[in-house]
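This is what each chain is made of:
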Amino acid sequence: MTDAVYNTAHAYGESRVALTPKAITRTNLIALAIILIVAALLRFHNPQVIDYRQDQADLVSLAQDLAEGRSIPLLGIPSSARMPNSPVTAYVVAVPYLFTDNPVFATMFIAAFNVLGVGLLWFIAQRYFNPTIAHVAALAYAVHPWAVGYSRSIWAQDYYTPFFLIALLLGLYGFVEGRRWAQALCLPILFIAMQIHLAAVFLFPVYLWLLWMGRKRLNKAAFVISIALALLTALPYLLGIVQSLNSGQESVTTVTAQTREFSLREIIKPYGQMAWLATGLGQEQYIARERADDLITAVGVPTLHWVLLGGFIFLGVIHLWRRFPRGLAVLVLLWAFVPVIVLTIPIIGIFPHYFVASIAALCLLIGIGVDWLLGIAARQQENVRIIGRFALSGLLATIFLTQAVYVVRATEFIDSVYLPTQFGFGPSVHYLLNVRDALEGYEDVVVVGSGDWVDISAHGSPVWRSLLRQSAACVRDLIAGSSFAVLPAGPFAAVYTPRVPTDSFIDPLYQHGIPTIVELRPEEGVYTIYDHPQMPNWTAQEITEVEPLVFVNAVELTGYHLGEASLLLEWHLPGQDTGSYSTMIEYLDDSGTVLESQTSMFWPGINWCAGDRLLNLNTLTFPEGTAALEVSLWRGNNRLEASGDPLRLPLVEAQAGA
């Protein structure tokens, strides 16, 4: 097909617009440059104000392994549906980590990629619709609060949309314009998008429709090459799944989804979230939850104005269907609405980030709706035409300006207000980097945290293993109030995360000297760092040493203290282990028969550091007739072999509860 300038009169007439690529003028490029500057200003605004929790940290750890040449990940982090993600998520993030381990730089890399996404949307709209639609759609996308929010974090949801847009553009080039090279590249790029985030799988019907549109221009050789390249992009993922199945890893063998209730409320839930994405509303309900009113008071949300965007989308659907080629209309509608229709079925829990790629389509529909209204105004008398264009332009300017202001103010709000919810923001990464600076010089770190899930995800050892990758040799994670204490062999830092309970038996062990305090947001608490120049002494109970019992996983049982209702076990640990183990205490009678047994989880192997001394406190129940205790270590249902006889502790009559 040859390029042709868009014919305005034809567009607003009764006949349907021809699907002909449009030329780009210098004026168009100037408008694009302004839009990209707006998109960049919002996405690069305070890049250190980003959420950095376990998902981000786990992804960064995989990327660091690849960037440093330690290993090539074959699986990504687990998804919310309990399926392992593709390693492509880590491959993308590894690029910025080739240059620096600063997560702010990685965030800016992802933000820049999403600025490119704004340009891609503009180009698609310019080439296959018209310049007016391109300018409005791209500007709507540039300032959209949800689009900006999902474009500046080290999170797979935040960088799969540009890949989808590249695949869509290649599909249009290939199947609409008949370019063979684009036909060959469309599917593999789409496969990359689908591997970055599984939500992109819901957009696969867009590719099938492109195939149907271009069935007469389909080149068989290019099609075969596209399938081969797509499978090649998925090869590491397939190898990782096979490898994990063969090793029996639970994360792969128990692939289950978090199903939803089959109720009217759950069925309409995705449509409510799509309404948020259509208008830019709803972030205060999703992020701030119980502090939604505070966010609205501090930031301001002109609800009435933004709701009008939904009206533009409605008009855009009508105008798209009536005036543009049906093939193109179906393509856009599939892009915008297939994910929400599929997720109406209550198969998994629904979150707005499942619809991120549809935001661009909704913005395109906004542009098409505005284009229709401008066309109606163009057919009126001159004074009505001028008033109509001025009013519509002023309304759009008000909406887009208030959305841009909202994005800036919301960034400042989340950096100053504690939002302790699942999808609320943890401490911005610049607070964590202050803690990292305070820990510079420590090769060994013990992170003492609370047992709260939100706090673990925001402050636990996965976060610190990635942030301290270049300085600390080993980072351990302890939950205050648990039954474990760990004593590193040499100098270390004990780091208390915010809101740690102080009723644990480990507190006297780690609270030593005058601590360093690093503040977070108001009400969020502080990080407290204690310096330990050497291994602290355990003085709470006297440890009875035994001949080390060495298990096949290299863990050694070296001592114990038996109290009236407790058993303290002393262990020595090897290096990090990927296994999951448990301790079993069996209550034996005089003849050695097991009366009862109790099992408790052993300290996770990811926290093990070579040479560490581990103390594990167990509460005893003593069933009637107990004469001795026997201690063993298990992995799953298998008892681990050891270098000697199991540790058996005879009991005196008082201890047996007789």
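Note: the structure precedes this text.
Residues numbered from 1 in each chain as written. Predicted model: local features only at pLDDT ≥ 70, side-chain atom pairs only at ≥ 80, totals over all residues. Heavy atoms only, no water.

**A look at the sheet that holds strand 9 (residues 566–572)**
Thought 1: Ordered in space as 3-12-9-8-7, the 5 strands form an open sheet in which the pairing is antiparallel. Of all strands in the sheet, those bounded by a partner on one side alone are strand 3 (484–487) and strand 7 (544–550). Strand-to-strand twist across the sheet, computed as the mean angle between neighbouring axes with direction ignored, equals 20°.
Thought 2: Pairing of strand 3 with strand 12 (residues 613–619), which is carried by 4 bridges, proceeds in the antiparallel orientation. Counterpart to Ala485 in the pairing with strand 12 is Leu615. (Pairing = 2+ DSSP bridges. Helix = DSSP H or I, 4+ residues; strand = E, 2+ residues; numbered from the N terminus. Axes fitted to C-alpha atoms, helices over the stretch in contact; angles between N-to-C directions.)

**Quick look at the pattern of salt bridges**
Two side chains carrying opposite charge are able to pair once their charged atoms lie near each other.
Thought 1: If you walk through the whole model with that rule in mind, you get 14 salt bridges.
Thought 2: Linking Arg436 and Asp101 is a salt bridge whose minimum nitrogen-to-oxygen distance equals 3.6 Å. With Arg436 in helix 20 (residues 429–438) and Asp101 in the loop between helix 4 (88–97) and helix 5 (103–128), the pair connects residues that are 335 residues apart, well separated along the chain.
Thought 3: Here Glu177 and Arg127 are joined by a salt bridge, their closest N and O atoms 2.9 Å apart. Note that Glu177 is positioned in the loop between helix 8 (161–176) and helix 9 (180–196) and Arg127 in helix 5, a separation of 50 residues in sequence.
Thought 4: Residue Glu177 is classed as buried on the basis of its relative accessible area, which comes to 9%.
Thought 5: When its relative accessible area of 7% is taken as the criterion, Arg127 is described as buried. (Salt bridge = Lys/Arg side-chain N within 4 Å of Asp/Glu carboxyl O. Buried < 20%, exposed > 50% of the residue type's maximum accessible area, 1.4 Å probe, protein only.)

**Brief notes about the sheet that holds strand 1 (residues 444–449)**
Strand pairs in the sheet, formed through backbone hydrogen bonds, run parallel or antiparallel to each other.
Thought 1: Ordered by their spatial adjacency, 5 strands build an open sheet running 2-1-4-6-5, and the pairing between neighbours is mixed. The sheet is open, and its two borders are formed by strand 2 (474–479) and strand 5 (516–519), each paired with just one other strand. The average undirected angle you get between the axes of adjacent strands in this sheet is 20°.
Thought 2: On top of the sheet, helix 20 reaches strand 5 and strand 6 (526–532); it is set at about 165° to strand 5, its chief contact. (Contact = heavy atoms within 4.5 Å.)

**A look at the packing of aromatic side chains**
Thought 1: Applying the stated criterion to the full structure yields 23 aromatic pairs.
Thought 2: An aromatic cluster of three or more residues is present, and its members are Phe484, Phe551, Trp571, Tyr581, Phe602 and Trp608.
Thought 3: Of note, Arg215 hangs over the ring of Trp212, and the distance from its end group to the ring centre comes to 3.8 Å. (Phe/Tyr/Trp six-rings, centres within 6.5 Å; stacked < 30°, edge-to-face > 60°. Lys NZ or Arg CZ within 6 Å of the ring centre and 35° of its normal.)

**Details of the environment of Gly311**
Thought 1: Among the secondary structure elements, Gly311 is positioned in helix 16 (residues 303–323).
Thought 2: When the C-alpha atoms of Gly311 and Ala278 are compared, they prove to be 9.5 Å apart, with 33 residues separating the residues in sequence.

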